[in-house]
There are 2 protein chains.
Amino acid sequence: MSDYEIFELGDFTFLSGATLRGARLAYKTYGEPSPAKDNVIVYPTWYSGRHWDNEWLIGPGMTLDPERYFIIVPNQFGNGLSSSPSNTPEPYDQARFPRVTMYDNVEAQHRLVTERFGVERLALVTGWSMGAGQTYQWAVSHPDMVQRMAPFCGSSHTSPHNKVFLEGVRAALTADGNYNGGFYGERRLTTGLRAAARVYAGWGFSQAFYWQHLYERLGYTSLEDFLVGFWEGFFLDDRDPNNLLTMLRVWHSADVGLTPGFNGDTEAALASIKAKALVMPAEKDLYFPPEDEAWAVERIPNARLRVIPGVWGHFAGHGSNPEDVRFIDEGLRELMAS
Amino acid sequence: MSDYEIFELGDFTFLSGATLRGARLAYKTYGEPSPAKDNVIVYPTWYSGRHWDNEWLIGPGMTLDPERYFIIVPNQFGNGLSSSPSNTPEPYDQARFPRVTMYDNVEAQHRLVTERFGVERLALVTGWSMGAGQTYQWAVSHPDMVQRMAPFCGSSHTSPHNKVFLEGVRAALTADGNYNGGFYGERRLTTGLRAAARVYAGWGFSQAFYWQHLYERLGYTSLEDFLVGFWEGFFLDDRDPNNLLTMLRVWHSADVGLTPGFNGDTEAALASIKAKALVMPAEKDLYFPPEDEAWAVERIPNARLRVIPGVWGHFAGHGSNPEDVRFIDEGLRELMAS
């Protein structure tokens, strides 16, 4: 019993040169394509997120209304539903899963969109966090295909500080005594997963969020209850360490300048974007700060910056609080009307 | 051969009720007390810092000039020089070292200052980070003794977010497969220490510091070189995990409101301070943000806030760059002249 579909990619060759035989892309769609196929939205997933984690932004009365749009949510490689270390047979299993890039994720999604659905134009690509990274990559990889883009709480290339944050998560996860270079088999690395969760906790929400005890609004009764109940629970919820490390490497290496043809020139890649862009960083996001997105917006021909105000930090884009949901939804509404 | 002195505390009872027999306080002094003993400054150490790590702020021509002031730098418990898990014999060794608080550190220092030096008034207490925490504690524990205080990049009580940051460091350190509940004996926990270093790295300096590649000014040739050369080197440099955990707990539990007599009332403790205070947080400090210090300054009768500008984040107070050294030194100069 699953609520999603599989697109068989066949032999999929990653940018690194590795080829995964029988690669699979898991996705879910919402709504129906119009006869002209001019109502298609792609909305990729975030770090460890699954398609159902995106559903807070989709629904009747929302901008992403399935009555109006055909919304495709592709699961990124490594998230446990699409091809991932945890579901790939030997020899490309566990720590031998191919290195993946943002570019690879978007190429797989492009095949889904064009081959399965015959779609040649996207009304919008949008996403949170690594979903924002895939949004940027879509606009650079397929500039004539993407009409609008709305990355929120993400970036076009991972900043040095963001990489340092990721290094902390990676180091905590792999410090687990049973890690064994990633070949841990059926063992469950709860020590490493819980440690990674605690490292992540300080970054996900802002200082002010914690100062104001806003975790109580999420139903947690103390700081420690939030760390165990939300954060450790989050990382223990069917999240495999090699899957997390695969996605972490995608994030760490993300840079639209690495798209073939741009020779590492991030600014040239941004300048090549043809989509109309609305970029929404969160005011107190600790790893995707608004300044970095202001830098990107200055380099995209047709882009606006709109900062999500408030203290929720990166998790402004997680769908956890109604104010930020409304802000993002209204931004999308304006963009779609333009 | 050592460049410091030992004050024998004898049987020292901590707030927790544990008594350490033969407890020792390591310290170093700079300059000489005046006949009236009215030129005494106490300058406690930071998390894992030793007295020599404070010396960048002391010297001829600086405000903390040994020609003028008698400067006492006490090493806090757990830093490896004063009594610490690493240098205490059984049974209070390793993971059984007593729980220490800011209050305990200051009580031990108070005995040093009064018993060894016969000093009853302090012209100034100052310090960075946990040294700032000890500065606040001095002013609350001994309000009639402390004339001036200048905590920089620290706080009077550890904020919830700051605790979360510390939880990440702790979790990474203790994830090491050889940790064994803190009873690791002679084994060196390099995996945990390196992981804790990488977690710390994202917090110590600001996003903008990394964006601007300012680690190059410190002599590092790449981001990874900075992570290995500076950060991992820092944590591997004679730093013992149980020592780090002892100090981490001091920090985590820090709150002047827990001073006996205040029943947990942080605001009442701050209101009781008689010292003239200059409080200097750093503009982009990620775990002691200026807003938190503004909150404290509003509650101290005679206090001013002066934010250290720039992108060095918490390490503005580490003595790593001349601009911030000058800013702090000038703040101290004004305070001492007032």
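Keep in mind that what you see is a predicted model, and the values were worked out from it rather than measured.

## Digging into the domain arrangement of chain A
Interface size is often expressed as the accessible area that is lost when the parts come together. All names here are of chain A. As far as domains go, chain A holds domain 1 (5-158 + 255-337) and domain 2 (162-247). Computed from C-alpha atoms alone, the centre-to-centre distance between domain 1 and domain 2 is 23 Å. Contact with domain 1, which involves 35 residues of that partner, is made by 34 residues of domain 2. When the buried surface of domain 1 facing domain 2 is broken down by residue, Tyr 47, Tyr 287 and Trp 312 rank first, second and third, together holding 25% of it. At the junction of domain 1 with domain 2, the criterion picks out two salt bridges.

## Concerning the environment of Thr 114 of chain B
Structurally, Thr 114 of chain B can be placed in helix H1 (residues 102-116). Those residues in contact with Thr 114 of chain B that lie beyond four places of it in its chain are Val 119, Glu 120 and Met 145 of chain B.

## Some thoughts on the pairing of strand E4 (residues 70-74) of chain A
All names here are of chain A. Counting buried residues along E4, five of its five residues qualify, which places the element largely inside the surrounding structure. Burial along E4 is two-sided: the face carrying Phe 70, Ile 72 and Pro 74 and the face carrying Ile 71 and Val 73 are both buried. Of the strand pairs in this sheet, strand E2 (residues 19-30) and E4 are connected by four bridges, and their pairing is antiparallel. Within E4, the position partnered with Lys 28 by the bridge is Val 73.

## Re the sheet that holds strand E4 (residues 70-74) of chain B
Residues and elements named next belong to chain B. If you walk across this open sheet you meet the eight strands as E1-E2-E4-E3-E5-E6-E7-E8, and the pairing is mixed. Where the open sheet ends on each side, the last strands, each with one partner, are strand E1 (5-13) and strand E8 (303-305). Recorded for the sheet is a direction-independent mean angle of 20 degrees between the axes of neighbouring strands. Examined bridge by bridge, strand E5 (residues 124-128) and strand E6 (residues 148-152) share four bridges and lie parallel to one another. Residue pairing across strands places Val 125 opposite Met 149, the latter belonging to E6. Along the sheet face, helix H9 (residues 290-297) touches strand E7 (276-279) and E8 and points at about 160 degrees away from the line of E8. Contacting E5, E6, E7 and E8, helix H10 (residues 322-337) runs over the sheet at an angle of about 165 degrees to E6.

## A few points about the packing of helix H3 (residues 160-174) of chain A against helix H4 (residues 190-204) of chain B
Running from N to C, H3 of chain A and H4 of chain B cross one another at 150 degrees; their axes reach a closest spacing of 8 Å. Classified by the angle their axes make, H3 of chain A and H4 of chain B are roughly antiparallel. Note on packing geometry: the crossing formed by H3 of chain A with H4 of chain B is left-handed. Every residue of H4 of chain B that contacts H3 of chain A at His 161, Val 164, Glu 167, Gly 168, Ala 171 and Ala 172 of chain A is listed here: Ala 195, Arg 198, Val 199, Ala 201 and Gly 202 of chain B. Here the residues of the contact of H3 of chain A with H4 of chain B sort into six nonpolar, three polar and two charged.

## Thoughts on the sheet that holds strand E8 (residues 303-305) of chain A
All names here are of chain A. In space, the eight strands of this open sheet follow the order E1-E2-E4-E3-E5-E6-E7-E8, with mixed pairing throughout. Looking at which strands have only one partner, the edges of the open sheet turn out to be strand E1 (5-13) and E8. Across the sheet, the mean angle separating the axes of adjacent strands is 20 degrees when strand polarity is ignored. Pairing between strand E6 (residues 148-152) and strand E7 (residues 276-279): two bridges, direction parallel. For Met 149, the partnering residue across the bridge sits in E7 and is Ala 277. On the sheet, helix H1 (residues 102-116) packs against E1, E2, strand E3 (40-42) and E4 and is oriented at approximately 125 degrees with respect to E1. Strands strand E5 (124-128), E6, E7 and E8 of the sheet are contacted by helix H10 (residues 322-337), whose axis makes an angle of about 165 degrees with E6.

So, how was this worked out
- Residues numbered from 1 in each chain as written.
- Chains lettered and ligands numbered in written order.
- Predicted model: local features only at pLDDT ≥ 70, side-chain atom pairs only at ≥ 80, totals over all residues.
- Heavy atoms only, no water.
- Domains from an automatic or database assignment.
- Contact = heavy atoms within 4.5 Å.
- Buried area = accessible area lost by both parts, 1.4 Å probe.
- Salt bridge = Lys/Arg side-chain N within 4 Å of Asp/Glu carboxyl O.
- Helix = DSSP H or I, 4+ residues; strand = E, 2+ residues; numbered from the N terminus.
- Buried < 20%, exposed > 50% of the residue type's maximum accessible area, 1.4 Å probe, protein only.
- Pairing = 2+ DSSP bridges.
- Axes fitted to C-alpha atoms, helices over the stretch in contact; angles between N-to-C directions.
- Parallel < 35°, antiparallel > 145°, perpendicular 65-115°, else oblique.
- Left-handed = near helix turned anticlockwise from the far one by under 90°.
- Nonpolar A, V, L, I, M, F, W, Y, C, P; charged D, E, K, R; others polar.

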